[in-house]
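The residues making up each chain are set out below.
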Amino acid sequence: MRAVLRVVNRVLIGLVGLVLLVIGGSVLAVGLGLDPPSWWIHGSRHDVLLSDAERTRWRDDGWWWPVVIAVLAVLVLLALWWLTSVLRRHRLAEVLVDTGDGEGALLRGRALEGVLASEATGLEGVQRARVHLTGRRRTPETRVRLRLEPHVDPGTALNELTTQALGHARNSAGLASLPTEVRLRGVKHGAERVS
């Protein structure tokens, strides 16, 4: 669902930007003296955006105001949906742990994040680790960001993270799988002096 929202977000921003760029560029071009095509809304640089006749053309028709209100209501609802999807926290608050008795227990997401981050930071050559839980209560996913010391092999660090920290978290929470996105970044350091 998050990937769909990301695509919708980018498409909406792109379309709004493109429409504003085309309209603004055309108004600027007409204002600078360029001759517009005959079908364009502006005829010359002294033309107004909407004349009195255009503004009041359908005001007396019975269908005009319901259509305007319906279109604006749909646009407001779409804008509110888009805003809440962008502002919503995508962090998982709790993980459902299978206790084997049919009941289950809830594990706080922040607690699991903290344990994963501290265990990942304890790995050799990892300076700092950040962990975020996403997904659903029964099928959590993690996003891990590691800052590695300059001497560490990224493949080794990734293997240790997978077998140790993520393996322990998966086993302790009783999860069949724990899909993880890992981003590795090296720590900036100065040049070493060679003598």
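Look a little higher up for the structure.
Quick summary incoming for the structure in this document. (Residues numbered from 1 in each chain as written. Predicted model: local features only at pLDDT ≥ 70, side-chain atom pairs only at ≥ 80, totals over all residues. Heavy atoms only, no water.)

## Examining the overall build of the chain
Right, so step 1: Regarding its fold elements, the chain presents five helices and five strands.
Right, so step 2: Over its C-alpha trace the chain gives a radius of gyration of 28 Å, far above what one expects of a compact globule, namely 16 Å for 195 residues.
Right, so step 3: Dimensions along the principal axes, computed over C-alpha positions, put the chain at roughly 75 × 65 × 20 Å.
Right, so step 4: Nonlocal contacts in the chain, meaning residues at least 24 apart in sequence, comprise 49% of its contacts between residues at least 6 apart. (Helix = DSSP H or I, 4+ residues; strand = E, 2+ residues; numbered from the N terminus. Rg over C-alpha atoms; globule rule 2.2 N^0.38 Å. Contact = heavy atoms within 4.5 Å.)

## A few points about helix H4 (residues 109-121)
Right, so step 1: A rise of 1.5 Å per residue sets the reference length of H4, with its 13 residues, at 18 Å; its end C-alpha atoms lie 18 Å apart and thus fit the reference within 8%.
Right, so step 2: Of the positions making up H4, those classed as buried are Gly109, Leu112, Glu113, Leu116, Ala117 and Ala120. Seen along its axis, H4 keeps its buried residues to an arc of 130°; they face one direction.
Right, so step 3: At its buried positions, H4 is contacted by strand E1 (94-97), strand E2 (105-108), strand E3 (126-135), strand E4 (140-148) and helix H5 (154-172). (Expected span 1.5 Å × (residues − 1). Buried < 20%, exposed > 50% of the residue type's maximum accessible area, 1.4 Å probe, protein only. Arc of directions from axis to C-beta.)

## Concerning the pattern of salt bridges
Right, so step 1: Taken as a whole, this structure holds two salt bridges when the rule is applied.
Right, so step 2: Residue Glu94 is joined to Arg137 by a salt bridge in which the shortest nitrogen-to-oxygen separation is 3.2 Å. Pair noted here: Glu94 is in strand E1 and Arg137 is in the loop between E3 and E4, with a separation of 43 residues, a long-range link.
Right, so step 3: Using a relative accessible area of 27% as the deciding quantity, one classes Glu94 as partly exposed.
Right, so step 4: The salt bridge partner of Glu181 is Arg183, with a shortest N-O separation of 2.9 Å.
Right, so step 5: Of the residues examined, Glu181 reaches a relative accessible area of 37% and is grouped as partly exposed. (Salt bridge = Lys/Arg side-chain N within 4 Å of Asp/Glu carboxyl O.)

## Structural notes on the nonpolar core
Right, so step 1: Membership of the largest hydrophobic core comes to 24 residues, with the highest contact counts inside it found for Val95, Leu112, Leu116, Val126, Leu146, Leu148 and Leu161.
Right, so step 2: Ranked by the residues each element gives to this core, the list is headed by H5, at five residues.
Right, so step 3: Apart from the residues within four sequence positions on either side, Leu116 is in contact with Val131, Thr142, Ala165, Leu166 and Ala169. (Core = buried A, V, L, I, M, F, W, Y, C linked by side-chain atoms within 4.5 Å.)

## Brief notes about the sheet that holds E4
Right, so step 1: Taken in spatial order, the three strands make up an open sheet running E3-E4-E5, and their pairing is mixed. Either end of the sheet is taken by a strand with one partner, and the two such strands are E3 and strand E5 (180-186). The sheet shows a mean angle of 15° between the axes of neighbouring strands, taken without regard to direction.
Right, so step 2: Strands in contact with H4 are E3 and E4; relative to E3, the strand with the most contacts, it is inclined by about 150°.
Right, so step 3: Relative to E4, H5 is tilted by about 140°, and along the sheet it contacts E4 and E5. (Pairing = 2+ DSSP bridges. Axes fitted to C-alpha atoms, helices over the stretch in contact; angles between N-to-C directions.)

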